[in-house]
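# Observations on the model geometry
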Amino acid sequence: YAGAASVIVGHPLDTVKARLQAGQGYGNTFNCIFRIYRNENVAGFFKGMSFPLASIAIYNSVVFGVFSNAQRYISHHRQTDRKHSPDFIDLTIASMLAGLVSVGIGGPVDLVKIKLQMQTQTSLPEGLSLNQKTSLLYYQATYRGPIHCVYCILKKEGFTGMYRGAGAMILRDVPGYCLYFIPYTYICEWLTSDHQSTPSAFSVWIAGGLAGAISWGTATPMDVVKTRLQADNLYKQKYKGVKDCISQSYQNEGLQVFFRGITVNTIRGFPASAAMFLTYELSLKALKTRKESD
């Protein structure tokens, strides 16, 4: 439920963010929102949501499982004193491992999500006849859903095609998860009074929201690169890799291109992460209570 809450709360702004970062002619955030609503109605904001929604439970189980177990393992072997605040080094290493592992599951999911979110962004290879263009336009701009999108990618590029943009995602998520779990842990502890054994719902909400805003805000430059690589045309790819994407983006649009969507990322990061952490902590508490009662 934690992951589903996060996806549902954050997906509309995630669509806006993807259009701003990889689309053309959307202008600022409000203009982008207006154009999506005018051309595609409310449904346009929820394009590509089904795949993340279906896979988020596995994704979060792996990410949070890796983080908590890695932190526990590292703390044990480093003989960190658990009576005091969580050790910064323990948190950092565990967060980096969680970020690294997350790409294995999240890469293909993000790729399909962005392909579906960018359905209206169409570019055709040059030198095609009118019939070829019409046929190709329909094929590449009308993924019938996530399964059809996966089929198209596998048919064109094979299994490795599902991990296009994975390098940029690693560069985004490894430091990104450090700025996700570490702020959450310390803010939550700071907001929890000494007489409380567990943080309150308010503490979890605030800590999770702030952690999400910090993490997504600082991850924006590499998020732009990842989004552009994954949104790249399946039939005529513009970017050869991370370095080429950074180089072309900078030469054509300047340094400011790497901060596209930073406002949306920061704003979206708060409610999405707050909902995720709150639902996660409440679920853990409920499971613990049931286990004790049994």
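Residues numbered from 1 in each chain as written. Predicted model: local features only at pLDDT ≥ 70, side-chain atom pairs only at ≥ 80, totals over all residues. Heavy atoms only, no water.

## What to know about the overall build of the protein
Each helix and strand counted, the protein has 11 helices and 0 strands in total. Listed by position from the N terminus, the elements making up the protein come as α-α-α-α-α-α-α-α-α-α-α. Restricting the contact set of the protein to residue pairs at least 6 apart, pairs at least 24 apart contribute 74%. In the structure as shown, the protein presents an accessible area of about 15,300 Å², 63% of it carried by carbon and sulfur atoms. (Helix = DSSP H or I, 4+ residues; strand = E, 2+ residues; numbered from the N terminus. Contact = heavy atoms within 4.5 Å. Areas by Shrake-Rupley, 256 points an atom, 1.4 Å probe, with all protein chains shown as cover.)

## Remarks on the environment of Ser95
Topologically, Ser95 is positioned in helix 4 (residues 88–117). For Ser95 and Phe181, which are 86 residues apart along the polypeptide, the C-alpha to C-alpha distance reads 6.5 Å. Non-local contacts of Ser95, meaning those with residues more than four positions away in its chain, are made with Phe67, Val174, Tyr177, Cys178, Phe181 and Ile182.

## Quick look at the layout of surface pockets
Here the idea is plain: a probe the size of a water molecule rolls over the atoms and shows the empty space left. Within this model, the largest pocket holds a volume of roughly 1,400 Å³. In terms of lining, the largest pocket is formed by 40 residues, of which the most central are Tyr184, Ser197, Thr198, Pro199 and Glu281. Of all elements in the fold, only helix 3 (50–77), helix 4, helix 7 (166–191), helix 8 (201–218) and helix 11 (262–293) reach the threshold of two or more residues within the lining of the largest pocket. Sort the elements by how many residues they give to the lining of the largest pocket and helix 11 lands first, with 10 residues. Partitioned by chemical class, the residues of the lining of the largest pocket number 15 nonpolar, 14 polar and 11 charged. (1 Å grid on protein atoms, 1.4 Å probe; cavity = no way out; pocket = protein on both sides within 12 Å on 5 of 7 lines; lining within 4 Å. Points joined across faces, edges and corners; volume = space filled by probe spheres on them. Nonpolar A, V, L, I, M, F, W, Y, C, P; charged D, E, K, R; others polar.)

## Here's the deal with the packing of helix 8 against helix 9 (residues 220–231)
Interaxial distance between helix 8 and helix 9 falls to 5 Å at its minimum, and their mutual angle equals 60 degrees. Here helix 8 lies oblique to helix 9, going by the angle between them. Facing Trp216, Gly217 and Thr218 of helix 8, the residues of helix 9 in contact are Thr220, Pro221 and Asp223. Its residues assigned to classes, the contact of helix 8 with helix 9 shows 2 nonpolar, 3 polar and 1 charged. (Axes fitted to C-alpha atoms, helices over the stretch in contact; angles between N-to-C directions. Parallel < 35°, antiparallel > 145°, perpendicular 65-115°, else oblique.)

## Here's the deal with the nonpolar core
Formed by 25 residues in total, the largest nonpolar core has its most connected members in Phe181, Tyr184 and Phe277. Those elements giving two or more residues to this core turn out to be helix 3, helix 4, helix 7, helix 8 and helix 11. The element best represented in this core is helix 7, accounting for 8 residues. Core analysis: the second largest hydrophobic core is formed by 10 residues, Leu111, Tyr143, Ile153 and Met162 among them. (Core = buried A, V, L, I, M, F, W, Y, C linked by side-chain atoms within 4.5 Å. Buried < 20%, exposed > 50% of the residue type's maximum accessible area, 1.4 Å probe, protein only.)

## A word on helix 10 (residues 242–253)
Taking 1.5 Å per residue as the helical rise, helix 10 with its 12 residues ought to reach 16 Å, and the 16 Å between its terminal C-alpha atoms agrees with that figure. When helix 10 is considered as a whole, its buried residues turn out to be Cys245, Gln248 and Ser249. Angularly, the buried residues of helix 10 cover 100 degrees about the axis, an arc narrow enough to put them on a single face. Exposed positions of helix 10 whose direction lies more than 90 degrees from the buried face are Lys243 and Gln251. In the core, the buried residues of helix 10 are packed alongside helix 9. Where helix 10 terminates, the next one or two residues include Gly254, which has phi positive at roughly 80 degrees. (Expected span 1.5 Å × (residues − 1). Arc of directions from axis to C-beta.)

## Looking at empty space enclosed by the protein
Scanning the entire structure with this criterion turns up 1 cavity of 30 Å³ or more. Roughly 690 Å³ of volume is contained in the largest cavity. Partitioned by chemical class, the residues of the lining of the largest cavity number 16 nonpolar, 9 polar and 9 charged.

## Section: unusual backbone geometry
Positioned with a positive phi, Asn41 is a non-glycine residue whose angle comes to about 60 degrees. On the basis of relative accessible area, Asn41 is assigned to the partly exposed category, the value being 47%.

## Some thoughts on the UniProt feature "transmembrane region" (unreviewed entry) in the protein
UniProt annotation of "transmembrane region" (unreviewed entry) refers to residues 49–67 and 88–109 when read in the numbering used here. When the span residues 49–67 is considered, its composition is 95% helix and 0% strand, and the gap between its end C-alpha atoms is 25 Å. In residues 88–109, helix accounts for 100% and strand for 0%; the two terminal C-alpha atoms are 31 Å from one another. (UniProt positions renumbered as here; feature names shortened; annotations may be inferred.)

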